[in-house]
Amino acid sequence: MPTTLRTYSILVLFAAWVALSFVFSPQVLPGPVPVFEAIWENMASGEGFYHLYKTIFRVLLGLFIAMVVGSVFGVLMGLSLKAEKFLESWVMVGLTIPAVVYAIITLLWFGLNDSAAIIAIGVTAFPAVAINMWQGVKDIDMQVITMAKAFQMPRADIIRKVVLPQTVPYVLAATRYALGISWKIATTVELIGMSSGVGYMLNYWFGLFSMTQVLAWTLTFTIFLLGVEFLFINPFEKRATAWRAAVQV
Amino acid sequence: MKKIVVSNLTKHFVLTDKSRLEVIGGLSFEMEEGEFLSILGPSGCGKSTLLSILAGIEAASDGEILVSGKPLTAGDNGVRLGFVFQQPRLLNWRTIRDNIKLPLEHGTQSEEEQLNTAQRYLELVRLKGFENYFPLQLSGGMQQRAAIARALAIEPEVLLMDEPFSSLDELTARKMRAELIRLWRETGKTVIFVTHDIFEAVYLSQKLLVVTERPARVYDRTDVNVGYPRDYDDDRLFETAKKVSRPFLKMEANDAA
């Protein structure tokens, strides 16, 4: 059963944490108990929710921009050889520039506010989306499209029933990558130039040398992201790719 | 009235360097309703292009095609044609039943009627019990049966088949050929079957059209006067196959010279 295997894997990680926390002093590596206590206190005071909300807000808007721009780029590059030649270098440049550079540039251009963070996230995450969608469009099976045409299926039906289902795995992969990237760049921007959000709190507690709180905040957002993965992305993927699971005997 | 009249059909493609590639160089033939015709020709001779034109996927460069007296044009032409490809071309994320239902979904049937129709043809090709399987869970032969059911489910006026058994192993292909003959006799469809396998063409069809290497022209016409069901070891079939092989081989020899 994959579910029990997943539980074991998390348990092993947890056990390693507990074991290491006995080896090192609490200033270097606090154990799970003080860290979860800190999370609980942060949330109970309401402050935790505020900063968590700010980061989620920026991540989701930035992710939205990345998905829209990245999909447009990727689909154009997949469909037209000219667009591919023209846009490929942009995507590669976008991919090569370190995320922190986008953070600095957007903060200088837009000031220390939400839009800077959102745009930095969008710009950083879009190449990953573009590359996945580009591959997805290129991998579309033309033979089944010819089949659909031979059966005189209307164009809209061909796109909805024959083309889009083929791109689902690529859209999911793009969302996963982009979500991971978005959260990393969000904390970076918040750390450099924001006065709210998880990154800001990380910076604050870093200044006070509180390893417990640094871990508490990191864990708070990690739990949130795992929640998104297992409550939304994973069930959707299971449903959309049931045919593949059924084949693996 | 003839079911299908193809007269002087030509097709060329203009390549990127502006040169013309002649694929079909004036092809004519006629078919009666309910007839089984095989078009036999070497690989890459433009047979598949001919079927694409008949299916309305591609336009002819010149010539005329009449189906039941009406001229056939590219795109939606109101003529229902069932197409079976060399590969099954099923949608892997749909169950077998939903694959057969696919071409019915833009028709006039209600959802329930579509399901009933799909079920009926699924049973006709002997896939009962596999309704909810996904294509990749089935063998190549079973997938091809589903593809045949899909083509029959739209109750086509003409069934077009493009080397449908060439990617199957010989034993499965033999079973499928016998099955096809059974389906053809049960449904009475007009069938155009394209192949490069001489014995397959002889075994299946009433009429044979041997076409040349690209650009495709009619090289020879033969009738196979053997009643159905036919036996694989029937000497008359072998005789016909030999007769057909001769011009076929001569054609290849001329080509080599």
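On a predicted model such as this, the values are computed, not experimentally measured, just so you know.

Cut-off values and rules
- Residues numbered from 1 in each chain as written.
- Chains lettered and ligands numbered in written order.
- Predicted model: local features only at pLDDT ≥ 70, side-chain atom pairs only at ≥ 80, totals over all residues.
- Helix = DSSP H or I, 4+ residues; strand = E, 2+ residues; numbered from the N terminus.
- Rg over C-alpha atoms; globule rule 2.2 N^0.38 Å.
- Buried ≥ 20, exposed ≤ 12 C-beta atoms within 10 Å, placed from the backbone.
- Pairing = 2+ DSSP bridges.
- Expected span 1.5 Å × (residues − 1).
- Arc of directions from axis to C-beta.
- Contact = placed C-beta atoms within 7 Å.
- Nonpolar A, V, L, I, M, F, W, Y, C, P; charged D, E, K, R; others polar.
- Domains from an automatic or database assignment.
- Axes fitted to C-alpha atoms, helices over the stretch in contact; angles between N-to-C directions.
- Parallel < 35°, antiparallel > 145°, perpendicular 65-115°, else oblique.
- Left-handed = near helix turned anticlockwise from the far one by under 90°.
- pLDDT = per-residue confidence, 0-100.

## Describing the overall build of chain B
Secondary structure summary: chain B contains seven helices and ten strands in total. Since a compact globule built from 257 residues should have a radius of gyration of about 18 Å, the 18 Å found for chain B is in line with a globular shape. Projecting the C-alpha coordinates of chain B onto the three principal axes gives extents of approximately 55 × 45 × 40 Å. In chain B, buried positions account for 41% of the 257 residues.

## Brief notes about the pairing of strand β2 (residues 20-31) of chain B
All names here are of chain B. Pairing of strand β1 (residues 4-14) with β2 involves nine bridges; the strand directions are antiparallel. Residue K11 lies in a different strand from β2, and its bridge partner there is I24. Where β1 folds back onto β2 in an antiparallel hairpin, the turn is made up of five residues, including K18, whose phi is positive at roughly 70°.

## Here we look at helix α5 (residues 99-110) of chain A
Residues and elements named next belong to chain A. Here α5 spans 16 Å end to end across twelve residues, near enough to the 16 Å set by a 1.5 Å rise per residue. Taken residue by residue, α5 has Y102, A103 and T106 as its buried positions. Buried residues in α5, looked at end-on, bunch into an arc of 100°, giving them a common side. What points out from α5, more than 90 degrees from its buried face, is the exposed set V101 and L108. Where α5 is buried, its residues touch α6 (114-138) and α8 (155-193). At the C-terminal side of α5, G111 shows a positive phi close to 85°.

## Considering the interface of chain A and chain B
Taken together, the contact between chain A and chain B spans 16 residues of the former and 16 residues of the latter. For the side of chain A that touches chain B, the secondary structure elements donating two or more residues are α7 (142-150), α8 and α11 (242-247) of chain A. Looking at the side of chain A that touches chain B residue by residue, the class counts come to eleven nonpolar, three polar and two charged.

## Things to note about the environment of E239 of chain B
All names here are of chain B. Mapped onto the elements, E239 comes out in helix α7 (residues 235-256). Residue E239 is classed as exposed on the basis of its 12 C-beta neighbours within 10 Å. Residues E239 and T95, spaced 144 residues apart in sequence, show a C-alpha to C-alpha distance of 44 Å.

## Digging into the environment of L37 of chain B
Residues and elements named next belong to chain B. Here L37 is to be found in strand β3 (residues 36-40). When the C-alpha atoms of L37 and Q206 are compared, they prove to be 6.1 Å apart, with 169 residues separating the residues in sequence. Every residue in contact with L37, bar those within four places of it in the chain, is listed here: M31, V191, I192, F193, S205, K207 and L209.

## What to know about the pairing of strand β6 (residues 81-84) of chain B
All names here are of chain B. Burial of β6 is two-sided: the residues L81 and F83 facing one way and the residues G82 and V84 facing the other way are all buried. Here β6 runs beside strand β7 (residues 158-162); their pairing, made up of four bridges, is parallel. Its bridge partner lying in β7, V84 is registered against M161.

## Quick notes on the domain arrangement of chain B
In many analyses, interface size is given as the accessible surface area lost on bringing the parts together. Residues and elements named next belong to chain B. According to the domain assignment, chain B consists of domain 1 (4-79 + 158-256) and domain 2 (93-156). Centre-to-centre, using C-alpha coordinates, domain 1 lies 25 Å away from domain 2. On the side of domain 2, seven residues touch domain 1, which itself brings ten residues to the contact. For the side of domain 1 that touches domain 2, the elements supplying multiple residues, two or more each, are β7 and α5 (170-187). Counting residues per element, the side of domain 1 that touches domain 2 draws most heavily on α5, which supplies four residues. Split into classes, the residues belonging to the side of domain 1 that touches domain 2 amount to six nonpolar, three polar and one charged.

## Things to note about the packing of helix α4 (residues 140-153) of chain B against α5 of chain B
Helices that pack against each other are described as a pair by the angle of their axes relative to one another and the distance between those axes. Residue and element names in this part refer to chain B. Relative orientation of the contacting elements α4 and α5 amounts to 20°, with a least axis distance of 11 Å. Classified by the interaxial angle, the pair formed by α4 and α5 is roughly parallel. In terms of crossing hand, the pair formed by α4 and α5 is right-handed. In this structure, α4 contributes G141, Q144 and L152 to the contact, and α5 contributes T172, M176, L183 and T187. Residues that form the contact of α4 with α5 fall into these classes: three nonpolar, four polar and no charged.

## What about the confidence of the model for chain B?
Do not read the predicted coordinates in detail wherever pLDDT is low. Chain-level statistics for chain B give a pLDDT mean of 87 and a share of 95% at 70 or above. In the predicted assembly, ipTM is 0.85 and pTM is 0.80.

## Topic: the sheet that holds β6 of chain B
Residue and element names in this part refer to chain B. Across the sheet, which stays open at both edges, the six strands sit in the order β6-β7-β8-β3-β9-β10 with mixed pairing between neighbours. Since the sheet does not close on itself, it has two edges, and those belong to β6 and β10 (218-223), each with one partner. Adjacent strand axes in the sheet meet at a mean angle of 15°, parallel and antiparallel pairs treated alike.

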